[in-house]
Amino acid sequence: MTFVAHVVEFLLIAGLLAAGALAAAFLLARSYVRRHWRLVRGHVATRGILATVALASAGRERYAARATPEELSRGAAARVRRRMWVAVEDAETAVAHADSHDAPVAELPAVCRSLRGVAGELDSLLRLERRLPRGTGRPDTVRVGVAEVIGAARDVQAAALRAGGDATEPQVRALVRQARDEVDIVSTALSRMRSLAQPH
């Protein structure tokens, strides 16, 4: 057997042993974490980390809700793309919800499809923009288009929410009336029971 064959055999055996050791270490670590997660989850440091993450995500959501479309179209391309898709998906969800409750959505589903198509084009342009060198002047037309798509998606979402609210309003009123009637019945029955229970 040649020297090269010995080296290849040694490397193959070493690679198999290393892979086996890594797999065993992964399985042991996973079982350890699963077994001790209850203890770790209740620890003050873990609670603090989870609370900090929740607070940061809530702050980010509040910023996105208050920010104008122009503000949301600024920043890193990846972040802008994510904000644009969130706005489009929120509009689609609101329209689907209103439509499922037989609210008058008119052509809003078609508008959502158009928004998705335009957002896909802008997404591709933002990906290309990301590859430009930092000193290069980036085209503003892409960011203006993103701001317009985000603004249109918010308008569609608001219209769908209004339509859904108008569609569910009669159900809510009927439910409130039914609840009041039931409360009146129970109150009357209790008053009658008290009057019968009083000694004469």
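Residues numbered from 1 in each chain as written. Predicted model: local features only at pLDDT ≥ 70, side-chain atom pairs only at ≥ 80, totals over all residues. Heavy atoms only, no water.

Q: Looking at this structure, I do not really get the overall build of the protein chain. What am I missing?
A: A count of helical and extended segments in the protein chain gives 6 helices and 0 strands. Listed N to C, the secondary structure of the protein chain is α-α-α-α-α-α in terms of helices and strands. A burial count over the protein chain gives 20% of its 200 residues as buried. Sequence-distant contacts, at least 24 apart, represent 68% of the contacts inside the protein chain between residues at least 6 apart. For the protein chain, the exposed area adds up to about 15,000 Å²; of that, 63% sits on carbon and sulfur atoms. (Helix = DSSP H or I, 4+ residues; strand = E, 2+ residues; numbered from the N terminus. Buried < 20%, exposed > 50% of the residue type's maximum accessible area, 1.4 Å probe, protein only. Contact = heavy atoms within 4.5 Å. Areas by Shrake-Rupley, 256 points an atom, 1.4 Å probe, with all protein chains shown as cover.)

Q: What should I look at first to understand the pattern of salt bridges in this one?
A: Two side chains bearing opposite charge may form a pair once their charged atoms approach each other closely. The tally for this structure, following the rule as stated, stands at 4 salt bridges. Each of Arg81, Asp123 and Arg127 takes part in salt bridges that share partners, so that together they form one network. (Salt bridge = Lys/Arg side-chain N within 4 Å of Asp/Glu carboxyl O.)

Q: Got a minute to help me understand a nonpolar patch on the surface in this structure?
A: On the surface, Phe3, Val4, Val7, Val8, Phe10 and Leu11 cluster together into a nonpolar patch covering about 650 Å² of accessible area. Looking at the element boundaries, Leu11 is found in helix H1 (residues 3-41). A residue is classified by how much of its surface remains accessible, and Leu11, at 54% relative accessible area, is exposed. (Patch = residues over 30% accessible without salt bridge, like charges linked within 9 Å, V, L, I, M, F, W, Y side chains within 5 Å.)

Q: Would you mind showing me how to read the packing of helix H4 (residues 77-100) against helix H5 (residues 108-130) here?
A: A pair of packed helices is captured by two measures, namely the crossing angle of their axes and the spacing between those axes. At their nearest, the axes of H4 and H5 sit 10 Å apart, and the two run at 170° to each other. Between H4 and H5, the angle falls in the class roughly antiparallel. Contact residues: H4 offers Ala77, Val80, Arg81, Met84, Trp85, Val88, Glu89, Ala91, Glu92 and Val95, while H5 offers Leu108, Pro109, Cys112, Arg116, Ala119, Gly120, Leu122, Asp123, Leu126, Arg127, Glu129 and Arg130. Among the residues making up the contact of H4 with H5, the classes are represented as 13 nonpolar, 1 polar and 8 charged. (Axes fitted to C-alpha atoms, helices over the stretch in contact; angles between N-to-C directions. Parallel < 35°, antiparallel > 145°, perpendicular 65-115°, else oblique. Nonpolar A, V, L, I, M, F, W, Y, C, P; charged D, E, K, R; others polar.)

Q: I'm lost on the side chain of Ser73 in this one. Help?
A: On the secondary structure map, Ser73 appears in the loop between helix H3 (69-72) and H4. Every residue in contact with Ser73, bar those within four places of it in the chain, is listed here: Val80, Arg143, Val146 and Ala147.

Q: What exactly am I supposed to notice about the packing of H5 against helix H6 (residues 140-197) here?
A: Where H5 contacts H6, the two axes come as close as 10 Å, and the packing angle between them is 155°. As summarised for this structure, H5 and H6 are arranged roughly antiparallel, according to the angle between their axes. As H5 runs across H6, the sense of the crossing is left-handed. Facing Leu108, Val111, Cys112, Leu115, Val118, Ala119, Leu122, Leu125, Leu126 and Glu129 of H5, the residues of H6 in contact are Val142, Arg143, Gly145, Val146, Val149, Ala152, Ala153, Val156, Ala159 and Ala160. (Left-handed = near helix turned anticlockwise from the far one by under 90°.)

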